[in-house]
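Spelled out from the first residue to the last, the chains are:
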Amino acid sequence: MAHSIPFVNLQAQYQAYKNEIDSALQSVLDSSSYIMGESVRELEVNLANYCGAKYARAISSGTDALLVALMALGIKSGDEVITTPFTFIATAEMIALLGAKPVFVDIDESYNIDPSKIESAITNKTKAIIPVSLYGLPCDMDRINEIASKYNLAVIEDACQSFGATYKGKKSCNLSTIGVTSFFPSKPLGCYGDGGAIFCNDSNLDSKIASILNHGQVGRYMHKMIGLNARLDSIQCAILNVKLRYFDKEIAKRVEIARIYSQNLANLVLPQVPDSKMSVFAQYSVYSTKLERSQILESLQEKGIPTAVHYPLPLHLQGCMAYLGYKRGDFPMSEKIADSIFSLPFSAFLSNDEQRYIIDNLNEITK
Ligand SMILES: *Cc1c(COP(=O)(O)O)cnc(C)c1O
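Caption draft 1: A look at the overall build of the protein. What the protein contains, in helices and strands, is eleven helices and 14 strands. Since a compact globule built from 367 residues should have a radius of gyration of about 21 Å, the 21 Å found for the protein is in line with a globular shape. C-alpha extents for the protein along the principal axes are approximately 65 × 55 × 35 Å. Put simply, the protein has 367 residues, and 53% of those count as buried. For the protein, long-range pairs separated by at least 24 residues make up 70% of all intrachain contacts whose partners lie at least 6 apart in sequence. Carbon and sulfur atoms make up 50% of the accessible area of the protein, which totals about 15700 Å². Averaged over its 34 positive side-chain charges, the protein has a centre that lies 3 Å from the centre of its 38 negative ones.

Caption draft 2: Spatial organisation of the site of the ligand. By nearness alone, 16 residues border the ligand, and Gly62, Thr63, Gln161, Ser182 and Lys187 come closest of all. In this structure, an oxygen atom belonging to the ligand sits 2.8 Å away from a main-chain N or O atom of Gly62. Ser182 places a side-chain nitrogen or oxygen 2.6 Å from an oxygen atom of the ligand. Bound to the protein, the ligand loses 93% of the 390 Å² it would expose on its own. At the level of elements, helix H3 (62-72) and helix H4 (90-97) are the ones that each hand at least two residues to the shell around the ligand. In terms of residues, the shell around the ligand owes the most to one element, H3, which gives three residues. Class assignment for the residues of the shell around the ligand results in six nonpolar, eight polar and two charged.

Caption draft 3: Quick peek at the pairing of strand E9 (residues 196-200). The buried fraction of E9 is high, at five of five residues. Both faces of E9 are covered, namely the face carrying Gly196, Ile198 and Cys200 and the face carrying Ala197 and Phe199. Bridging between strand E1 (residues 55-59) and E9 involves five bridges; their strand directions are antiparallel. The partner of Ile59 across the bridge, within E9, is Gly196. Inspection of the sheet shows strand E8 (residues 178-182) paired to E9 by five bridges, in the antiparallel sense. Counterpart to Thr181 in the pairing with E9 is Ala197.

Caption draft 4: Expanded view of the environment of Val218. Turning to its location among the elements, Val218 is positioned in strand E10 (residues 217-219). Ignoring sequence-local partners within four residues, the contact set of Val218 consists of Ser211 and Lys224.

Caption draft 5: How the structure looks around helix H2 (residues 38-51). The terminal C-alpha atoms of H2 lie 20 Å apart, and with 14 residues this matches the ideal 20 Å at 1.5 Å per residue to within 8%. Lining the buried residues of H2 we find helix H1 (10-31), E1, strand E7 (170-171), E9, helix H7 (234-245) and helix H8 (247-264). Count one or two residues on from H2 and you reach Gly52, which has phi positive near 70°.

Caption draft 6: Up close: the packing of H3 against helix H6 (residues 203-212). It is at 9 Å that the axes of H3 and H6 come closest, and there the two elements cross at 125°. Put simply, H3 runs oblique to H6. Here the hand of the crossing between H3 and H6 comes out right-handed. On H6, the residues that touch Val68, Met71 and Ala72 of H3 are Leu205, Lys208, Ile209 and Ile212.

Caption draft 7: Representation of the nonpolar core within the structure. Counting residues in hydrophobic clusters, the biggest one holds 28 residues, and the most contacted among them are Leu70, Ile178, Val180, Ile198 and Ile209. Secondary structure elements with two or more residues in this core: H3, H4, strand E4 (126-130), strand E5 (154-158), E8, E9 and H6. Here this core gets seven residues from one element, more than from any other, and that element is H3. The contacts of Val180, once residues within four sequence positions are left out, are Ala65, Leu66, Ala69, Ile156, Glu157, Asp158, Ala159, Cys160, Ala197 and Ile198. Ala48, Ala58, Ala165 and Phe247 belong to the second largest nonpolar core, which has 25 residues in total.

Caption draft 8: Fine view of the state of the cysteines. Throughout the structure, instances matching the rule amount to zero disulfides. The structure places no disulfide on Cys51, whose sulfur is separated from the nearest cysteine sulfur, that of Cys173, by 4.7 Å. Looking at the unpaired Cys237, the closest cysteine sulfur is the one in Cys191, lying at 8.1 Å. A relative accessible area of 0% means that Cys237 is categorised as buried.

Caption draft 9: Structural context of the sheet that holds strand E3 (residues 101-104). Pairing is mixed in the open sheet, where seven strands are placed in the order E1-E9-E8-E5-E4-E2-E3. Unpaired on one side and paired on the other, E1 and E3 mark the two borders of the sheet. Taken pair by pair, the neighbouring strands of this sheet meet at an average axis angle of 25°, ignoring direction. In the packing of H2 onto the sheet, the strands contacted are E1 and E9, and the crossing angle to E1 comes to about 130°.

The rules behind the values
- Along each chain, residue indices are assigned from 1 in the same order as the chain's sequence is written.
- Thresholds applied to this predicted model are a pLDDT of at least 70 for local features of residues and 80 or more for the giving and counting of side-chain atom pairs; totals over whole chains, interfaces and linings are not thresholded and use all residues.
- Here the side-chain values reflect all heavy atoms present in the structure, with hydrogen atoms and water set aside.
- Strands here are runs of E lasting at least two residues and helices are runs of H or I lasting at least four, both read from the DSSP assignment and numbered beginning at the N terminus.
- As defined in this context, the radius of gyration uses C-alpha atoms, and a globule is described by 2.2 Å times the residue total to the power 0.38.
- With a 1.4 Å probe rolled over the protein chains alone, any residue whose accessible area is under 20% of its type maximum counts as buried; one over 50% counts as exposed, and the rest are partly exposed.
- By definition, residues are in contact when any of their heavy atoms lie within 4.5 Å.
- Only the protein chains shown count as covering a residue, and every accessible area follows the Shrake-Rupley method with a 1.4 Å probe.
- Note on charges: Lys and Arg go in the positive column, Asp and Glu in the negative column, and His and the chain ends are not counted at all.
- Every charge is mapped to an atom, namely NZ of Lys, CZ of Arg, CG of Asp or CD of Glu.
- If a single non-hydrogen atom of a residue is within 4 Å of a molecule or strand, that residue counts as near it.
- Under this definition, polar contacts are N or O atom pairs within 3.5 Å; protein pairs additionally need one hydrogen-donor-capable and one acceptor-capable atom, and for neighbouring residues in sequence, both atoms have to be side-chain atoms.
- Gly falls in the polar group here, along with every residue not listed as nonpolar (Ala, Val, Leu, Ile, Met, Phe, Trp, Tyr, Cys, Pro) or charged (Asp, Glu, Lys, Arg).
- Pairing between strands is defined by DSSP: at least two bridges between them are needed.
- Expected helix span is computed as 1.5 Å times (number of residues minus one).
- A fitted line through C-alpha atoms represents every axis, and for helices the fit uses only the stretch in contact; the resulting angles, taken between N-to-C directions, go from 0 to 180 degrees.
- Orientation is classified from the angle alone, with under 35 degrees giving roughly parallel, over 145 giving roughly antiparallel, 65 to 115 giving roughly perpendicular, and any other angle giving oblique.
- A crossing counts as left-handed when the near helix is turned anticlockwise from the far one by less than a right angle, and as right-handed when that turn is clockwise.
- Only buried Ala, Val, Leu, Ile, Met, Phe, Trp, Tyr and Cys residues count toward a nonpolar core, and they belong to the same one when joined by side-chain atoms within 4.5 Å.
- Any cysteine sulfur atom paired with another within 2.5 Å is treated as part of a disulfide.

Below is the structure:
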């Protein structure tokens, strides 16, 4: 076992649902309706219902979901969009791709954007805020939405890691102007390739989103706007329709596995989940205040325990963002966490024995 703990056990998950997934795939093959087939519409209805949002659109990836959301809101060259530097590159990358300027605001102890620092970053060019619900924990959306409405800004929740999580009883993805998520295989709800979704509650916005992700089409070969080919394949939607049926059970398992880590790990700073939120733990991430990360990860590797670092370099220090002129020291919390955080093996299919082995070794290494 020591040499075979998967970081995310996708194989065990497939084996658990194999019959249903295989037959869902077969029915797409039998229909030959690979693009915008029946499973796509079915998934969109299922996703909207699941999140309690009026509208959901399946889309080719979380990255494309961010891009389409920004395009649908009319974000363009010269605009500013506020976001966190402690996230996956796609969040700021799509702002920059449109010629708009990512404006970073540091995180707090929750690893999400610090709402108390947002207001001072707003200028007359600011058009939107993209809070990221990192590691599966929703942001403080009430505070962020309040600031946004005061300055008439849109809010796009980057919920690429938090599909299924809740904030004050409401589902992530349905907490702001637009919510976007990813179905990358290792995300809490993953497909078998790239995939994502966009959520909103405004019919005009939804029509724009639907059109932009399909070449700006408004009728067959009638193109009102410049758009993309960002459709999600029927095959991926068919897989997601099956996996969504088991998703709440998987979330319960994830919460239980996180609880076991949290109750048994000593000597590490552990993820905190306030009562108003439920995290889906896209990552279970920890750090030590005493030992160097590299030392811990090396020792874990010797024991056959895989780890990952989400993320080792904050976005304001990335080469592709150098033109923004930020420097080390600008966002101390993001920099500190990027230097120390690491993620443990985690999925609904992590076995009790595997978890026990990880906990025992980690406690020994950090004692
Ligand atoms: C995964 C992820 C994305 C991008 O999603 P893809 O489906 O891989 O394009 C964007 N933002 C965050 C926070 C993510 O974790």
